[in-house]
Structure formats: structure tokens, C-alpha cells
Amino acid sequence: TRQKHKNAQRVKEKKQKGGSGMSSEITNGDATAPPSLTKSSSSSFNLPMPTNSLVTPLLTDLYQLTMAYAYWKTKRHMEDSVFELFFRKNPFGGEYTVFCGLDEVLRHLSNFRFGKDDLDYLRGTPALKHCDAAFFDEYLADMDCAGVQVRAMKEGSVAFPRVPLVVVRGPLGVCQLLETTLLALINYPSLVATNAARMIVAATGRFTHFSSEDNMQHMEHASKKTPRCIEFGLRRAQGPDGGFSASKYSAVGGFDATSNVQAGKILGVPIAGTHAHAFVQAHSSLSDAQSFTLRDSHGKDVSLLERALHYRSQFQWDSTNDGELAAFLAYAVSFPDSFLCLIDTYDTLRSGLRNFIVVSLVLHDLGHMPRGIRLDSGDLSYLSLTVHRIFLQ
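Some thoughts on the overall build of the protein
- For the protein, the helix and strand inventory stands at 13 helices and 14 strands.
- Counting all 393 residues of the protein, 45% fall into the buried class.
- For the protein, the share of sequence-separated contacts (at least 6 apart) that also reach a separation of at least 24 residues comes to 77%.
- As presented, the protein carries roughly 20900 Å² of accessible surface, and 53% of it is formed by carbon and sulfur atoms.

Pasting the structure below:
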């Protein structure tokens, strides 16, 4: 799709492993990017440092440095080159990919510098200790991305296999050193944003196949509400940066909030959360809730426990877990206007849901609107539909 000068001399390198990569072309002709790509020059920006302090010129594979030395040694390091970053297959067996990571790429290019300690480390490595001192003291020490030109799709655009996401043009040596880092800064963010977008589509129910007319009616009722998707993956993420990146790029994919407080502070995205099973297990008996009160519309203190037990007896739900009920009451007195509980600590339908309902009725009597429940385990499809049906009843 790219037109070249008819006299351009080109050398193509293709990688056959992995799901994504960069192909390089060394050319002395003109390079015209696809219409979908927008142009930016790294020298035109004075951007902040990358969000993660690990993103430096050393965040690369060793073979990038050995190739750079070979280019320098053979006096080819300043040849004009074009690198195209692309992928071969859409993730998750899907039909599209959401392109992300360009912001961190531009930050990296804007601040690309080898520090003295970087160079001291490199010259002492077994693979490079024989290299000429000038490679470190003159070439790498003075290297930046002022001569690098970047063309890229817009962040958050829908992308497809083998269509370049980013095109980098500049001196062969520095462009080679950017390859690994750019792949790392784009692959995972694009994966997360794509997965988030797929979840947003699924949450709307537009492509749901219903197994029964009964379930379809409940889903149609639920679909009248706009679903909210919240990212909650920090504890299972690939380290702190994986967790932060997931929070950031799931927002690009359409998520409404994150549980990651640090991401909320840095990015300004909404944060959300409820409580854990540990909170429920920290309450063992109804005596834990004896002193909990809220004021009614007349300014009178009302015992939450007394009124909750009244509703529990009325529905003949006296066998629900007492500690769980006490935990829900503790959460209700602390967050009466954002009451949302995790109900699967013990028995989801015969205890958790019922305890939530009786506490919700108490809050409703006192002028507060409960928010809902959270499910972490079990057959989520069956349980969510059953809970919704009981709510309607």
C-alpha cells in the first residue's frame, strides 16, 4: 500500500515468529505512509518522561545493540530506513484490534538518551566489551531521536492485521534500537484495549443468544439500563506496570472506572469498588451490629439491626448467616448512598442475596437507594439472571 520512489533500493526483513513485529526497509527514496497514518516528528515534541521509569534505551533486546554496533562499525548507521510496526492476527479470535500505546511511544522518543551509567554498563557486558570506545563515547552518548519521523494511526483507532500501526523513519542505527521498546509499548496496551472493547460489546447484549424465552425477557428488562464496566484486575496483573497499563487502556477500550487508586490519581479516571470476602468474614455475629443507627426523615435514630431482623422474619429467612448480615449492616451504615455488596461469601442465593435484600429495604425506608450486588464465583450467568428475577419480585 505504500508507494516508493522508482529507483529506491530496498532490503526487507521479515519475521515469521510471534503475533506482531516490525519490518524494516532501508531506502534512499521517498516513503509515503498510508492515508490512515498521521505524521509527527519526535523533535517537535517536548514531552514528559514515560510513565514507567523502566522505559529507557536499555529496555531493549541485546541483539538490537549488537546490530547497532555492526551498522556503526560498517558505517551504515546513518542510512535512511523505514520500520513498520504491525501484527499478523487479531487477538482472541476476533475481527479487529484497538490500537493503543502511541502516547508512551512518543514520550519515549522525546526523552531517548543513554545515560553515563547506561554506557558504563554496556561497555562492560561480555557481548560488547570488545567494541570500540567511540561507539559508546561518541555514537551512543550523543544519540537522540531528533532525526526520527513517526507516522501512526490515531490512538484508539480500530486496526487490522498487516496494516502498519506505526511507521518509523530515520537513521538505521537509532531506528533499530527503537524496535523492541515500541513493540513492548504497543502490544500489551492494544491487547488490553481490544479485550475491553469486546467486553463492552458483550455487556450490551447485542449479540446474546438466549436459551429460553424466560431468560430473554429478563435480559431485555436489564438491557434497558446502560451497563457499566469496571476494571478490577490489579491483583492478578503482570506486576505493577501491567496493572497500571490495564487500568489505563481498558478506559480507552470503553470501561467506565477502575479499582486501581493509583491509576485514578495519575490518569484522572473514576475509581470504584465495594468490599471483599474478608470484610464479611471479619463479622461473626449480630452483636457486631447492635449499635448501628441511621436517621430517618424526621431526624430520629433508627436501629438498622432491629429493622433488618423484622424484614428477615417477615420473609421467613431466619437461616441466613448472621455474620454476613452484620457485615452488610456495617457497610450500610458506612455507605448508605452507595450500598453494593458481595453476596457469595457463604451461600449466594439463600444467604447473601437475602441479607442484601433485607438491609436494602431498611435503607430504602430511610430514604437511601441501594446500588446492587457483586458476584465473584459460581455460575455467573445463572446467578445473575436469578438475582435479577428475585429483585423484580
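What follows continues from the structure just given.
A look at the pattern of salt bridges
- Taken as a whole and judged by the stated rule, the model has 14 salt bridges.
- Within this structure, Lys116, Asp120, Arg123 and Asp137 form a network of salt bridges that share partners.

Notes on helix 7 (residues 239-252)
- In this model helix 7 runs 20 Å from its N-terminal to its C-terminal C-alpha over 14 residues, within 8% of the 20 Å that 1.5 Å per residue would give.
- Those residues of helix 7 lying buried are Gly242, Gly243, Phe244, Ser245, Ala246, Ser247, Lys248, Tyr249 and Ser250.
- Contacts made by the buried residues of helix 7 are with helix 2 (102-110), helix 5 (172-203), strand 9 (230-231), strand 10 (257-258) and helix 8 (261-267).
- Looking at the residues trailing helix 7, positive phi occurs at Gly254, about 120°.

Some thoughts on a nonpolar patch on the surface
- Together, Val158, Phe160 and Val163 make up an exposed nonpolar region whose accessible area comes to about 240 Å².
- Val158 gets classed as partly exposed once you look at its relative accessible area, which sits at 44%.

Quick word on the pairing of strand 6 (residues 149-152)
- Only one face of strand 6 is buried: it carries Val150 and Ala152, and the other face, with Gln149 and Arg151, is open.
- Strand direction decides the pairing type here: strand 6 and strand 8 (residues 166-171), joined by four bridges, are antiparallel. Of the residues in strand 8, the one forming a bridge with Gln149 is Arg169.

A closer look at the packing of helix 3 (residues 116-123) against helix 4 (residues 133-140)
- Helix 4 packs onto helix 3 with a crossing angle of 160° between their chain directions and a minimal axis gap of 10 Å. The orientation of helix 3 with respect to helix 4, classified from their angle, is roughly antiparallel. Seen along the crossing, helix 3 lies across helix 4 with a hand that is right-handed. Between helix 3 and helix 4, the contacting residues are Leu119, Leu122 and Arg123 on the first element and Ala133, Phe136, Asp137 and Leu140 on the second.
- Grouping the constituent residues of the contact of helix 3 with helix 4 by class yields five nonpolar, no polar and two charged.

What to know about the environment of Phe279
- Along the chain, Phe279 falls in helix 9 (residues 277-281).
- In sequence terms Phe279 and Thr345 are 66 residues apart; their C-alpha atoms lie 9.8 Å from each other.

Side note on unusual backbone geometry
- Phi at Phe92 is positive, roughly 65°, even though this residue is not glycine.
- As for its position among the elements, Phe92 is in the loop between strand 4 (80-87) and strand 5 (97-98).
- With relative accessibility at 41%, the residue Phe92 sits in the partly exposed group.
- A positive phi angle, close to 65°, is found at Arg162, a residue other than glycine.
- Structurally, Arg162 can be placed in the loop between strand 7 (158-159) and strand 8.
- Among the residues examined, Arg162 registers a relative accessible area of 57% and is labelled exposed.

Conventions used here
Residues numbered from 1 in each chain as written. Predicted model: local features only at pLDDT ≥ 70, side-chain atom pairs only at ≥ 80, totals over all residues. Heavy atoms only, no water. Helix = DSSP H or I, 4+ residues; strand = E, 2+ residues; numbered from the N terminus. Buried < 20%, exposed > 50% of the residue type's maximum accessible area, 1.4 Å probe, protein only. Contact = heavy atoms within 4.5 Å. Areas by Shrake-Rupley, 256 points an atom, 1.4 Å probe, with all protein chains shown as cover. Salt bridge = Lys/Arg side-chain N within 4 Å of Asp/Glu carboxyl O. Expected span 1.5 Å × (residues − 1). Patch = residues over 30% accessible without salt bridge, like charges linked within 9 Å, V, L, I, M, F, W, Y side chains within 5 Å. Pairing = 2+ DSSP bridges. Axes fitted to C-alpha atoms, helices over the stretch in contact; angles between N-to-C directions. Parallel < 35°, antiparallel > 145°, perpendicular 65-115°, else oblique. Left-handed = near helix turned anticlockwise from the far one by under 90°. Nonpolar A, V, L, I, M, F, W, Y, C, P; charged D, E, K, R; others polar.

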